Each structure stands twice: as C-alpha cells, then as structure tokens.
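Fold and contact review
Here is what each chain is made of, one letter per residue.
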Amino acid sequence: MIRFLTYTRLRIKAVMKVYPSMCVMTLLLCLSLGGMLYMQSSFTEDLTAGDEDARVSIGIVGIATSGYLDTAFSMLKNFDSSSEEVRFVSCKDRKSAVKKIRSGELYGAIIIPEGLVSTLLAGETGQMTLLLPASDSGIVVLLIKELSGAVSSILSSMNSGSNVLAEYYQASGTSDPDIIADAQTDLLLTSLQNMLHRNRMFRVKYVRNSGQLSIESFYLISMVFLLILLLGIMCAASYVRSDHTLGRLLRVHHLGSGLQVLAEYISLVTLLTAVCVLFIPLIAVALSRMPISFSAFGISGNMLIRGFIKYSPHFLPVILLACSIDIMLYEISPNLITGVLMQFLVMIALAYASGVFYTVQTMPKTLKKISSCLPTGQALKYLQLSARHENAYAGQLIRFILWTAVFVAVTVLIRRRKLTSKGGA
Amino acid sequence: MRHIRHAITQAFLLNKRILKQPVFLILLALVPMLVLGVNLISFETGSLVTVAVAPGSRDDSSARALISTLVHHPSPAVRYISCRDDEAAQKAVASGEARLGIVFPPDLDELFAAYGAQETADLDAGALAMLGSLFGSGSNSMKEHQIICYTATNDIVAKMTREQLFGKMYRDMETAVVKVWLRSHPEVGDYTDTQRDEFAEQIRSGDIEDFNFFELQYLDGETITDEEAGRYIASPMRGLLAVLLTLTALAAVLYLCDDIRKGRFIWISPQKKPLFYFGCILLPIADLGLAAYAALYLSGNFTSWRKELPAMLLFGLCAAGFANLLRVILRRMNLIAACVPIILCACLFLTPVFIDLVILEPVQMLLPTYLYLKSIHSVQPLWMMAAYAAAAVVLGLILGREQSF
C-alpha cells in the first residue's frame, strides 16, 4: 500500500510539471472551441434579437424590370415581418451581386430574369436563381432550400389563383386581355397585402421546463465535453511509453500492473481536474461577457457564473471516463506520435458519433442507436439531462461509470501482457 | 538526368518507408471508411426539426386532411408527427420529442375565410394607406381562430417552421382570397356567390405543382441539386477529408522530428536539408491526397476535375508548407504534438467544415483548410491558395535553411 501511495504521489508530482504548459495549450484550445460556440450561437442570437446590423442582407437583381416587382419589393422591404431578420438590397446585375457576396456585404442574392412576371401571369412557369456563397451544401443550404420551397408553394398558388381568375373572366364573356391582366394584377397585389398579416395567424405559447436545451446551452455543453475529451492529448508525452523497464522494475518490487495503472490513472485524473478547476470559472466569466444567453445556467452575468460553477461538479464523472479512455489509448500506443494521432482520431470520432456536432434528434436512426450505446454518447446525455435538472441522469451516470471501470481493466490487462512478454522494451 | 533519377529513387524509398508506418496506413484506410460510412448514413438522413401537429377539434376534416399531408410528406428539414390533441402536442414539446407543437383552431376553414376577408388598402392611395391597413381591423377576425404554436424558444428555427407551414397552407388561403375577391367584384359575370366560390375551389382541387421557383446555385453558377441539399449529414465530408490531410501533414512533421532527433538524415548536406525535409512532409500528403481525390470522385461530392485537381494540388502544398513552417518555428516534438489538437480543432471549427460562417476571416485564412473549402465553388479565388502555399513554403524553406546552418 505504501509503495502504491508513493508511486501515485511521484506520478502526480511528475505530471504536474506539465501543468503550466497544459494550461497554455488548454487556453488556446478553449479559444478554438469558444470561437465556434460564439460563431454558432451569436449568429443565431443576433438574428432572433432583430439587431439592425446583424440582419442577413440578401441582394435582389431584376427588380427594375417590372413595376409589379418594384411594388412587391417595397412591400417586402418595409412591411413584411421577415424584415426583422432579412434586409433586402437591390443590386444592379449578377456580377455586382456576386462581388458583394464575395466581399461579405451580402449573404446571398436572388436573380430575377427579365419577363418573369409576364411569364407567370401568362400561366407559364419560370425560375429565379438564388445565389449562395456556400462552400458546400450543409444545414444552412438545406434551410434556405426549405424556405425557397415555401415561397414557391405560395407563388404556385398565386399563379393558380391568377389562372382561375382568367378562366372566370373568360367564362363570364370577357376576353379583353387588358381587362383580365388588370384584374390579375389587382388580385396579385391583394394577395401580397394579405400576406403581410400572416404572423397574426399564429399565437406563440411558451412551454416552461421544456425537455430541450436551447441551442446555445447545447453547444456550450458539447464544447466543454469536447474540451475534456481532447485534454488528454496534450499530456500524452508524460504517459506514452515505448520502454517498459520501469514497469518491470516496479513489478519486481511488488507493485503489479493493476496498481501501476491505477496510480497513473489517478495522476491523470488529478491533472485534468486541476486544469478544469482553473478553467471552468474562467469559462463562466468569459460566457457572462458574451452577448448570448445560456438559459440552462442563468440568464446573464453573475447568475450565469454561479449557475455554471454550480453545474460544474457534473463534469467530474466525465473526466473519469475521458481519463480511462486516454489511459487505455496510451497503453495501446507504441510511441508518442501514434499515441497523439490515435487519441485525436478516436476522440473526434467518438464526439461525432455521440452527437457533439449535431443534436441526436437530427441524426439518422443508425447514428442515434450508435450514440446511445457509446460511453461518450451516454456521458453527453448525462450532461444534457443534468443541465435540464432531470432525475433520469442517474441511469446514464451508472452506465458510463461502468464503462470507465471496463477501460481501466482493459488497460491493466494490456500492461500485464507487456510486462510479462519476453520481447523487452 | 542523374540527379533527377537520384531524387526519384530517394522519393520512392522514403515513400516506402512512410507506408510501413502503421499510423499512415490507418490514415489511408480511414479515407474510404469515412466516405463509405458517411454515404451509408446520409441515405437515411433524419430531419432537422420535428414538429408535433394536432387538430383543434376531431370533427374538423380540413385540419385532418392538412395534418395527413404534413405527416406523409416530410422534408429533410422538417418532419411532422401527428398528435391527438392540444395536451399531447404540449407534452411532445415539453418532453423534447418535438421542437414545436402546432395546434390548429377548431375550425380551420374559418381561419382561411378570415385570412381572405382581410381589409386591404387601395394601393393607388400610396404608402400611408398601406401602412394604415397594417394596423387596420382586417386581421382581427383571424385572432379568433389562431393557430397555437408551442415552443420553448421563439428562435429562428421556430420562425422558419411557421413560414414553411404557411407555405403548405397557402393554397387554401389563396382560395379564400380569390373567393372574397370574386364576391367583391359582382360586376364581373352573372353568377351567384356559390357559383363564384366553386370557381375559386379549383385552386384547392387542382393538381399540386411540385415546382421550385428558385434554382439554388453556388457562386460559380453550379446548381445545388435537391439531393445534394438534402444530404446535410454528408456535407462535411470534403472538410473532414481536408482535416485528415492536415492531420497527415502534422503526423509527417512529428515523424520527421523523430528522425532528425535520431540523426537519420545526418548525411544530407545542410544546403539540401530544408528542401529534403519539405519533401519528407510532402510525400505522405501526396499519398493521402491521391486517396482523398479518389474518395471525393466516388462519393458524389465531386464537381469537375478542372476544379478539383488544381484545388487538391494547391491544398497539398498549403498543408505541407503550413506543417513545415510549424516545425521550424516550434522545433520541439513535444510542443508540436501538443499543438496538434489545437490546430485540428481550429480547422474543424473555424473553417467551413461543419458551418460556413465568416467572423474572424484573417485568423481563419491562416488555416490551410479554409481557403481550400472556399475555393471549390469560387467563393475565394484559387490564386489566394496559390499565394498562401507559396508564402508558407518559401518562409519554411528560408527559416529552415537558417536553422541548418
């Protein structure tokens, strides 16, 4: 027992020498993860707050080709409820729209071809182009496509209404195209005016104690979770060994594989806990200064700091799990380079499959099943449930604590095999 | 000629040595596995938002028909689930099963009629008249038949979902608008109100046109197909391959540092060392780049070889230059190893791998993956990547040369 305690103390002393450099690296890592959190959350937050400067600017090309479009554009720009989130800007042509998109002045642009309105009024179909600065199709493109589909349904119905009106006039014995066109225009503008009031069709009621975390709180928990998973990579140099002479020597002095692994595990847990004890209050202070609300922890300022620090003990079981995975990967790795790379790949893969980057609800069924089986998926769910103050988190906690024990046991077995093999170092 | 043959032989032997390292074999194997896995999963993509819908009254046939349409025609973005009543919809939102709960009024047709009967201003009277109509009493009758929307937060997702629902209901509302318009113009035709309503009903009963009036395009004019937009789970694949290539560059640097420390390249003359070391980093990137290029071609994310090939070649140089520069600046292997997760996390989160946001562009542009991902659809021109590669490579070689001496 004394040997075990001595070895544990020496291990803790050895790894705490890297504590200052770990803190520097963790700060840089926090900046990367915090950058993503800020970008994801504040972009959405600014949109919902209706901040003038944060409205999405969309260019429109081809307004001047039609008086109807000009009127519709004016109505859309000044009176429609979408003006809280979107600012429409008239552009001269496609080239100038593309230039403004590239410079960041516009988020996208709608190109209306000449004669489109006449085509639609004549009962034919025509298309507008929606230019996006996307690097690839993703969630934003999907949402825009969804909205464009909704607008298309509306335009399609308006087109049908226009056609029905023309048929009505013809059935009534009026075939003068000018009279029919005037009537269609009047109907079109009436429909557009009616649309301005569409928000009044809905009454929003808030559901208290909802089973959902806000998107900001979801990403905060995910980023801290990811931080804990990646912390172990930065101290890999202190744990990955290609030479097991020390291990054999300790075994000779009755400190077997199990106790060696346990001592190293305790030292790793101590190191990571020491880093988290320093950074969690710093993260809380930094969050309180962000223009984003993390409703799961507190509305703002001191409430948020207190709420987040009060929540922080929930990270301890997650640290225990992350350390057990780290120690197992250290043991498997033959050298530092393999260790670092393997750890990174494994942690990112686990994070992706566990629902760090997308909420589990948005994932396909296969991934949902995988996520619920993974220890990191269970750990993330535990963090989310405890943030929602739900009692069900105890079940998740027990499951991934068992996983922790399994990983430590596997590490012991690998260590034993290495120490008893005849191959030497 | 002899020098070229010598260089090729050296490159071949170095490559052979690299490919014996298990890590590089794992990285190479990861490329097709990643593509296969993401492709398999993306074909059963879920929905971003789940909405619970319930009728206001069980006898309302219009609401039941609308709910049936919503539930049986989901989109990749929004999926509707049917609930029995108001309480069930609220419960679905409270439990997290649904993001939003929609409860229609007891008589949905009354809402449509109220929508159509709104007072509208004479547009010739000008903007003030239109403004007046916004605050007019025309919309008051709609308030008696409102659709209730349960949500935890009235955020952009909730607003977008309501707009989408409005689009799906619009045929019925346009029918109501046309009915009111026809009744308000009795001078046209000699029909009764019932006959006019029958005309208007043709809108509702007509075939549904599944036509999108918008063609989504990237900046280079390439169309974003419906299939592509729907497979959002697969969209980070190009970015993940780019990050894998950056990881390979960093791994190559770590192995090179280990070799330098062990004195394996002591026989290389100091003048040739910087270029030789750069070559040691470039070789595994070339191997993985080839695998990534093939994977992109087979994955369905490939655009055209005219775009992809120069972009991939330049990206390889950018990654190698970046990694080499990191090596000459940091020098110590432990320090480089500790920087690996930071750099890769920055690549994952600050560049358009998962989400394309521009907030810290000068910092984002320092990362090799940023310009590559932006160049594919001409958001940023290729010459910027070429300039980045040239700057990183030349700076790395100059600083490396000074260290050699």
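Computed from a prediction, not measured in an experiment: that's the story for all the values here.

Our focus in this paragraph is the interface of chain B and chain A. Every contact between the two is made by 127 residues of chain B and, on the other side, 114 residues of chain A. Buried area between chain B and chain A, both sides added, is near 11,900 Å², and the carbon and sulfur share of it is 68%. At the boundary of chain B with chain A, the tally comes to 1 salt bridge. The partner of B:Glu163 in a salt bridge is A:Arg198, and the shortest N-O contact between them spans 2.9 Å. The biggest single contributor to the side of chain B that touches chain A is helix H8 (residues 156–183) of chain B, with 18 residues. Classifying every residue of the side of chain B that touches chain A by side-chain character gives 77 nonpolar, 32 polar and 18 charged. The pairing of strand S4 (residues 128–132) of chain A with strand S5 (residues 214–218) of chain B spans 5 bridges and is parallel.

All names here are of chain A. Burial along strand S3 (residues 108–111) is two-sided: the face carrying Gly108 and Ile110 and the face carrying Ala109 and Ile111 are both buried. As defined by bridge partners, S3 adjoins S4 across 3 bridges and the pair is classed as antiparallel. By the bridge assignment for S4, Ala109 is matched with Leu131.

In this structure, A:Leu226, A:Leu230, A:Phe297, A:Phe308, B:Leu348 and B:Tyr372 are the most contacted members of the largest nonpolar core, which totals 164 residues. A:Phe308 has contacts with A:Leu220, A:Val224, A:Ile280, A:Ile283, A:Ala284, A:Phe297 and A:Phe315, leaving out every residue within four places of it along the chain.

Residue and element names in this part refer to chain A. The geometry of helix H8 (residues 215–234) relative to helix H10 (residues 257–288) is characterised by a closest axis approach of 12 Å and an angle of 155 degrees between their N-to-C directions. Compared by their axis directions, H8 and H10 come out roughly antiparallel. Considering only the axes of H8 and H10, their crossing is right-handed. Residues Leu220, Leu227, Ile228 and Leu231 of H8 touch H10, and the partners they reach there are Leu272, Val275, Cys276, Ile283 and Leu287. Per-class residue counts for the contact of H8 with H10 are 9 nonpolar, no polar and no charged.

Let's shift gears to the sheet that holds strand S5 (residues 202–206) of chain A. Strand pairs in the sheet, formed through backbone hydrogen bonds, run parallel or antiparallel to each other. Strand order in the open sheet made by the 5 strands is S5(A)-S4(B)-S3(B)-S1(B)-S2(B), with mixed pairing throughout. Both edges of this open sheet fall to S5 of chain A together with strand S2 (78–82) of chain B, since each of them pairs with a single strand only. Neighbour to neighbour, the strand axes of the sheet diverge by 25 degrees on average, direction disregarded. With 4 bridges connecting them, strand S3 (residues 100–103) of chain B and strand S4 (residues 147–151) of chain B associate as antiparallel partners. Residue pairing for S4(B): B:Val103 is matched across the bridge by B:Ile148.

This part covers empty space enclosed by the protein. Residues and elements named next belong to chain A. A full pass over the atoms with the stated rule returns 3 cavities of 30 Å³ or more. In this structure, the largest cavity spans a volume of roughly 60 Å³. Along its surface, the largest cavity is lined by Tyr239, Arg241, His244, Glu264, Ile327, Tyr330, Glu331, Arg415 and Lys418. Of all the secondary-structure elements, those providing two or more residues to the lining of the largest cavity are helix H12 (315–332) and helix H16 (393–420). Top element by residues in the lining of the largest cavity is H12. It accounts for 3 residues. Residues of the lining of the largest cavity, tallied by class, amount to 3 nonpolar, 1 polar and 5 charged. When its volume is computed, the second largest cavity comes out at roughly 50 Å³. Taken together, Thr26, Val224, Leu227, Leu231, Val275, Cys276, Phe279, Ile280 and Ile283 make up the full set of residues lining the second largest cavity. Mapped by element, the contributors of at least two residues to the lining of the second largest cavity are H8 and H10. The element that contributes the greatest number of residues to the lining of the second largest cavity is H10, accounting for 5 residues. Its residues assigned to classes, the lining of the second largest cavity comprises 8 nonpolar, 1 polar and no charged.

Attention now goes to unusual backbone geometry. At A:His254, a position not held by glycine, the phi torsion is positive, near 60 degrees. Inspection of the secondary structure assignment puts A:His254 in the loop between helix H9 (245–252) and H10. Phi is positive for B:Arg331, close to 65 degrees, though the residue is something other than glycine. Its place among the elements puts B:Arg331 in the loop between helix H13 (305–330) and helix H14 (333–350). For B:Arg331, a relative accessible area of 57% translates into the label exposed.

Attention now moves to the confidence of the model for chain B. Residue and element names in this part refer to chain B. Averaged over all residues, the pLDDT of chain B equals 83, while 89% of them reach at least 70. Confidence drops under pLDDT 50 across residues 123–138; counting only partners more than four residues distant or on other chains, this segment forms 23 contacts. In the predicted complex, the global pTM is 0.78; the interface-specific ipTM is 0.76.

This part takes up the domain arrangement of chain B. Looking at the assigned domains, one finds that chain B contains domain 1 (2–42 + 231–404) and domain 2 (49–205). The distance between the C-alpha centroids of domain 1 of chain B and domain 2 of chain B comes to 53 Å.

Here we take up the environment of B:Asp60. Residue and element names in this part refer to chain B. One can find Asp60 in the loop between strand S1 (49–54) and helix H3 (61–72). Judged by relative accessible area, which is 6%, Asp60 ranks as buried. Residues Asp60 and Asp107, spaced 47 residues apart in sequence, show a C-alpha to C-alpha distance of 6.0 Å. The residues touching Asp60, leaving out its near neighbours within four places in the chain, are Pro105, Pro106, Asp107 and Leu108. From its side chain, Asp60 meets the backbone nitrogen of Leu108 in a polar contact 2.9 Å long.

The subject of this paragraph is the pattern of salt bridges. Residue and element names in this part refer to chain B. Scanning the model with the defined rule gives 16 salt bridges over all chains in all. Residue Asp259 pairs with Arg17 through a salt bridge whose shortest N-O separation is 2.7 Å. Linking Asp259 in helix H11 (residues 237–261) with Arg17 in helix H1 (residues 2–18), this pair joins segments that are 242 residues apart in sequence. Here Asp259 falls in the buried class, since its relative accessible area comes to 7%. A salt bridge links Asp258 to Arg261; the shortest N-O distance between them is 2.6 Å. Here the residue Asp258 and the residue Arg261 both occupy positions in helix H11, the gap between them amounting to 3 residues, near one helical turn.

A surface patch of like charges, here positive, comprises A:Lys365, A:Lys368, A:Lys369 and B:Arg79. With 3 residues, the top contributor of residues to the positive patch is helix H14 (residues 365–373) of chain A. Within the secondary structure, A:Lys368 sits in helix H14. Judged by relative accessible area, A:Lys368 falls into the partly exposed class, the value being 33%.

Mapping A:Cys235 onto the fold places it in the loop between H8 and H9. On a C-alpha basis, the gap between A:Cys235 and A:Gly62 in space is 59 Å, while along the polypeptide they are 173 residues apart.

Here we take up the pairing of S1(B). Residues and elements named next belong to chain B. The buried fraction of S1 amounts to 6 of the 6 residues, a majority that puts the element mostly inside the structure. Here S1 shows no split at all, with Val49, Val51 and Val53 on one side and Thr50, Ala52 and Ala54 on the other all buried. Here S1 runs beside S2; their pairing, made up of 5 bridges, is parallel. From the neighbouring strand, Val51 faces S2, where its bridge partner is Tyr80. In this fold, S1 hands off to H3, which returns the chain to S2; that crossover is right-handed. Judged from the 4 bridges that link them, S1 and S3 form a sheet pairing that is parallel. Residue pairing for S3: Val51 is matched across the bridge by Leu100.

Summed over the entire model, instances satisfying the criterion amount to 20 aromatic pairs over all chains. Their ring planes at 10 degrees and their centres at 5.3 Å tell us that A:Tyr239 and A:Tyr330 sit as a pair that is stacked. Here A:Tyr239, found in the loop between H8 and H9, pairs with A:Tyr330, found in helix H12; they are 91 residues apart in sequence, far enough to count as distant. As far as burial versus exposure is concerned, A:Tyr239 and A:Tyr330 are alike and both buried. Ring plane angle 85 degrees and centroid distance 5.4 Å describe the contact between B:Tyr293 and B:Phe302, whose orientation is recorded as edge-to-face. Like B:Tyr293, the residue B:Phe302 is buried in the burial classification. One aromatic cluster is present, built from ring pairs that chain together A:Tyr168, A:Tyr169, B:Tyr191 and B:Phe199.

Thresholds applied
- Counting restarts for each chain: residues are numbered from 1 in the order of the written sequence.
- The lettering of chains begins at A and the numbering of ligands begins at 1, in the order of writing.
- In view of the model being predicted, local features appear only for residues whose pLDDT reaches at least 70, and side-chain atom pairs are presented and counted only at 80 or more, with totals across whole chains, interfaces and linings using the full set of residues.
- Just so you know, side-chain values use all the structure's heavy atoms and leave hydrogens and water out.
- Working rule for contacts: check all heavy atoms of both residues, and any pair within 4.5 Å makes them a contact.
- The term buried area denotes the loss of accessible surface (1.4 Å probe radius) that occurs when two parts are joined, taken as the sum for both partners.
- By convention in these notes, a salt bridge is any Lys or Arg side-chain nitrogen within 4 Å of a carboxyl oxygen on Asp or Glu.
- In this description a helix means any DSSP run of H or I spanning at least four residues, a strand means any run of E spanning at least two, and both kinds are numbered starting from the N terminus.
- When residue character is reported, Ala, Val, Leu, Ile, Met, Phe, Trp, Tyr, Cys and Pro are called nonpolar, Asp, Glu, Lys and Arg charged, and the others, Gly included, polar.
- The criterion for strand pairing is that DSSP finds at least two bridges linking the strands in question.
- Relative accessibility under 20% of the residue-type maximum defines a buried residue, over 50% an exposed one, and the middle range a partly exposed one, all with a 1.4 Å probe and only protein chains included.
- Joining through side-chain atoms within 4.5 Å is the link that ties buried Ala, Val, Leu, Ile, Met, Phe, Trp, Tyr and Cys residues into a set, and such a set is a nonpolar core.
- Whenever a helix is involved, its axis is fitted only over the stretch in contact; in every case the axis is a line through C-alpha atoms, and angles between N-to-C directions fall within 0 to 180 degrees.
- Each angle gets one of four labels, with under 35 degrees taken as roughly parallel, over 145 as roughly antiparallel, 65 to 115 as roughly perpendicular, and the rest as oblique.
- By definition, turning the near helix anticlockwise from the far helix through less than a right angle yields a left-handed crossing, and turning it clockwise yields a right-handed one.
- Only protein atoms enter the 1 Å grid used here. Points where a 1.4 Å probe fits but cannot escape make up a cavity, open sets with protein on both sides within 12 Å along at least five of seven lines make up a pocket, and a residue lines them when an atom lies within 4 Å of a point.
- Grid points are joined across faces, edges and corners, and a volume is the space filled by probe spheres set on the points.
- Values of pLDDT, ranging from 0 to 100, describe the predictor's confidence in every residue of the model.
- Residue ranges labeled as domains rest on an automatic or database domain assignment.
- N or O atoms closer than or at 3.5 Å make up a polar contact, with two conditions inside protein: a donor-capable atom paired with an acceptor-capable one, and, for residues adjacent in sequence, both atoms drawn from side chains.
- Here, patches come from residues exposed beyond 30% relative accessible area and free of salt bridges, joined within 9 Å for like charges and within 5 Å for nonpolar side chains (Val, Leu, Ile, Met, Phe, Trp, Tyr).
- For every accessible area listed, the method is Shrake-Rupley and the probe measures 1.4 Å; residues are considered covered only by the protein chains on display.
- Positive: Lys, Arg. Negative: Asp, Glu. His and the chain ends are not part of the count.
- Working definition for charges: the position is that of NZ of Lys, CZ of Arg, CG of Asp or CD of Glu.
- We call a crossover right-handed when, viewed with both strands directed away from the observer, the connection leading from the first strand over the helix to the second proceeds clockwise.
- Aromatic rings from Phe, Tyr and Trp, taking only the six-membered ring of Trp, are treated as a pair when their centres fall within 6.5 Å; an angle between ring planes under 30 degrees marks them as stacked, one over 60 as edge-to-face, and anything in between as tilted.

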